[in-house]
Amino acid sequence: MKSVDVPAFARTQLALLDAELQSEIQETSGLIGGASPASLQRAGLAVTNLTVSSQRTGLGGRTVLELGPDAATTGAGELPEHGVRTGDIVLVAEQPAGSAKKREVKDLERKGAKGVVVRIKRDAIAVAVDEDKEDAAGFGGRVWLVKLADDVTYRRMNQAMEKMRDMGEAEYSGFMRVLFGLASPSPVPDDLKGDEEVGEGKVEWFDPGLNESQKDAIRFALRSREIALIHGPPGTGKTHTLIELILQLVKRNQRVLVCGPSNISVDNIVERLSPHRVPIVRLGHPARLLPSVLSHSLDVLTQTSEAGLIVKDVRAEMDAKQAAIKKARGGKERRAVYADLKELRKEYRERERRCVGALVGGSKVVLATLHGAGGFQLKGEEFDVVIIDEASQALEAQCWVPLLAARKAVCAGDHLQLPPTVKSTNSKGKGKTKGKGVNEGEKEGGEGDVIKGASLETTLFDRLLKLHGEGIKRMLTTQYRMHEKIMRFPSDELYEGKLVAADAVKERLLKDLEYGVEDTEDTSEPVIFIDTQGGDYPEKNEEEEDKEAKGKDKDKDGEKGKKKATARSLFGESKSNEMEAALVRQHVKKLVDAGVRPEDVAVVTPYNAQLGLLAPLKEAFPGIELGSVDGFQGREKEAVIVSLVRSNSEGEVGFLSEKRRLNVAMTRPKRSLVVVGDSETVRRGSKFLNNWMEWLENNADLRYIDSASIET
């Protein structure tokens, strides 16, 4: 076991995080400055044609703008498709005309209002705007909303790393020493079979239906003194296991902080925990607006609890002032209202802080996003155990926001699925960090040392497994999602053949869906491989597409071509395959004709440009879901069609060679997996891809379709 030098680790993380933030800022600035609002919306980075329908006072006394679709442009009153999520940092600004010249982000920021998305509904987006931009929030006409780089998360991560960098070795807790290999984890008996005494008594299961691997993981987590990893492959009931673990810890009178990298990962646990009537509080703003989640969110508790009622009268007064802003006739009157609002906010915050302290302090289980755990609400709070869900999708620096004050941690995830998305070039190990490089684990003096070859893609889960080995991990082995045949290849290739399909799912097919589906060749096979080998389905890269788009008639069509090219450039160096997209559309139609509901079907592909070609499916089959493989992690559907795109004579597969990406793609479906791709090209990409192509050829329902019969 090699120990890791803590200050060098922290300095390395700070350098990598800075490069990542700069990369995000540059990307955002370039896109906002160079693309039309409509193009940005198609790329999932903006929502256009909005108006401010109302404004109110939110948590922390911040002004919350409710943005709805402009009735003049949207008849149905619903928002268009968009990629904005709860928690995103956004800019709300007056919408420029389509012919507006290149916009500078700084100019937009000066005239607009920066804020955080706190709620998303079908017909509205709520944004809590920064205080210093409240006055700018009085927009009269049409506005748009643009996603920005999330500097709040970076700020919290940086604070954690700076604290770690400046610590003396005497300040390291026993927990920290174990996590950096300066000490070994306390031993846990290998055989934890039977429900022997753990902690303060015999384990009595809240859910007696847990399988043996889930029970074993919980016993192990309860007995571990410093760190336990719960490895949950796709569909193995990882969240279900965590709920039981939380209940067992609370029963032992332990206080638990539960975190995840995204709002959705945390809300998922809140939903499942809430029926158990444990005192819980959810920090931040829930992404799902279900009553079970809302009733535990701090936002609602500060209004409905006994402590919250004290704050209510001030909040009502502030809301009255918010309404008065729109009625203010001149600048002087408006400034007077803002001055009153500022004084009220001071009083409100003081009362709210006391209220929040009482609510959080009285809760046995507190839930927050990883960076949300760095907020003022948890300052000075102590927890016996920190649980991190989806730990293999979180940056390690993000995990240290709650872990710096931890005594024990349980991390759940699957390091064989995709790691967190990293945009900066130095994440590829090319090392743009300053200072003398040192190998991981080696110690060297000096202020500027960083760890050579380090990457933000290396998660805490990865690093701890490498540092301490399999002894700190327990794997869940029964999966409840996939037909046995869909599960077989990923289990054998990645999970040592240990996955077992539960009886309820092992043989279920599309034709068995309860709402009545015809028994056809497409609904009675669990795995279908449509092999496009032979060169009739060639891929195109962005450059070729751009030439085609620009090369149309120079008048009307040429203008359209330019717009298409601009939209495509938002997808970066992406690939597409028109013939393959036509094949996918044809297969979807056959499934729907057989009676499969479109909402039970998803089409996923590693390439965003291919999604652009598949977009017409949403009009033809409302309810169908299209997504990138990366964006579909953690999701599932009855039928999933995977479009691999790559088809070239050189055998180049690009980032298709990342087996964790393919693992995500092939483990999303419950009853039907359809793979569309060129086996000749794909098999040359890696040993894993070659093995997959061989397995598909030998085990899937193999099909070759004449390209002449495809309607493009």
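Details of the structure are given in the entry above.
Residues numbered from 1 in each chain as written. Predicted model: local features only at pLDDT ≥ 70, side-chain atom pairs only at ≥ 80, totals over all residues. Heavy atoms only, no water.

K.L.:
Describe in detail the pairing of strand β14 (residues 409–413), supporting the description with residues and values.
P.N.:
Of all five residues that make up β14, five are buried, and the element is covered over most of its length. A two-sided burial pattern is seen for β14, the buried positions comprising A409, C411 and G413 on one face and V410 and A412 on the other. Both strand β9 (residues 227–231) and β14 contribute to a ladder of five bridges, which runs parallel. Looking across to β14, one finds that H231 is bridged to G413. Pairing of strand β13 (residues 385–388) with β14 involves three bridges; the strand directions are parallel. Within the sheet, the bridge partner assigned to V386 lies in β14 and is A409. One crossover worth recording links β13 to the parallel β14 by way of helix α13 (residues 396–403), and it is right-handed. (Buried < 20%, exposed > 50% of the residue type's maximum accessible area, 1.4 Å probe, protein only. Helix = DSSP H or I, 4+ residues; strand = E, 2+ residues; numbered from the N terminus. Pairing = 2+ DSSP bridges. Right-handed = clockwise from strand over helix to strand, strands pointing away.)

K.L.:
So what's going on with the nonpolar core? Which residues, and what values?
P.N.:
In terms of nonpolar packing, the biggest core is built from 64 residues, with M164, W400 and L403 touching the most fellow members. It is helix α1 (residues 6–34) that provides the largest number of residues to this core, a total of eight residues. If sequence neighbours within four positions are ignored, M164 has contacts with V6, F9, A10, M176, F180, W400 and L404. Membership of the second largest hydrophobic core comes to 40 residues, among which are I486, V640, L656 and F688. (Core = buried A, V, L, I, M, F, W, Y, C linked by side-chain atoms within 4.5 Å. Contact = heavy atoms within 4.5 Å.)

K.L.:
Mind laying out the packing of aromatic side chains, listing which residues take part and the relevant values?
P.N.:
Counted according to the given criterion, the structure contains six aromatic pairs. Each ring, one from F9 and one from F180, has its centre 5.0 Å from the other, and the planes form 65 degrees; the classification is edge-to-face. Of this pair, F9 sits in helix α1 while F180 sits in the loop between α5 (174–179) and β7 (197–198), placing them 171 residues apart in sequence. The two residues F9 and F180 agree in class, both being buried. Between F180 and W400, the aromatic rings sit 5.3 Å apart at their centres with planes inclined by 15 degrees, giving stacked as the arrangement. One end of the pair, F180, is in the loop between α5 and β7; the other, W400, is in helix α13, and 220 residues separate them in sequence. A relative accessible area of 0% means that F180 is categorised as buried. W400 gets classed as buried once you look at its relative accessible area, which sits at 0%. Here the aromatic cluster, defined as three or more aromatic residues joined through ring pairs, consists of F9, F175, F180 and W400. The aromatic ring of F376 is capped on one face by R353, whose charged end is 4.5 Å from the ring centroid. Directly above the aromatic system of F655 lies the positively charged group of R661, at a separation of 4.1 Å from the ring centroid. (Phe/Tyr/Trp six-rings, centres within 6.5 Å; stacked < 30°, edge-to-face > 60°. Lys NZ or Arg CZ within 6 Å of the ring centre and 35° of its normal.)

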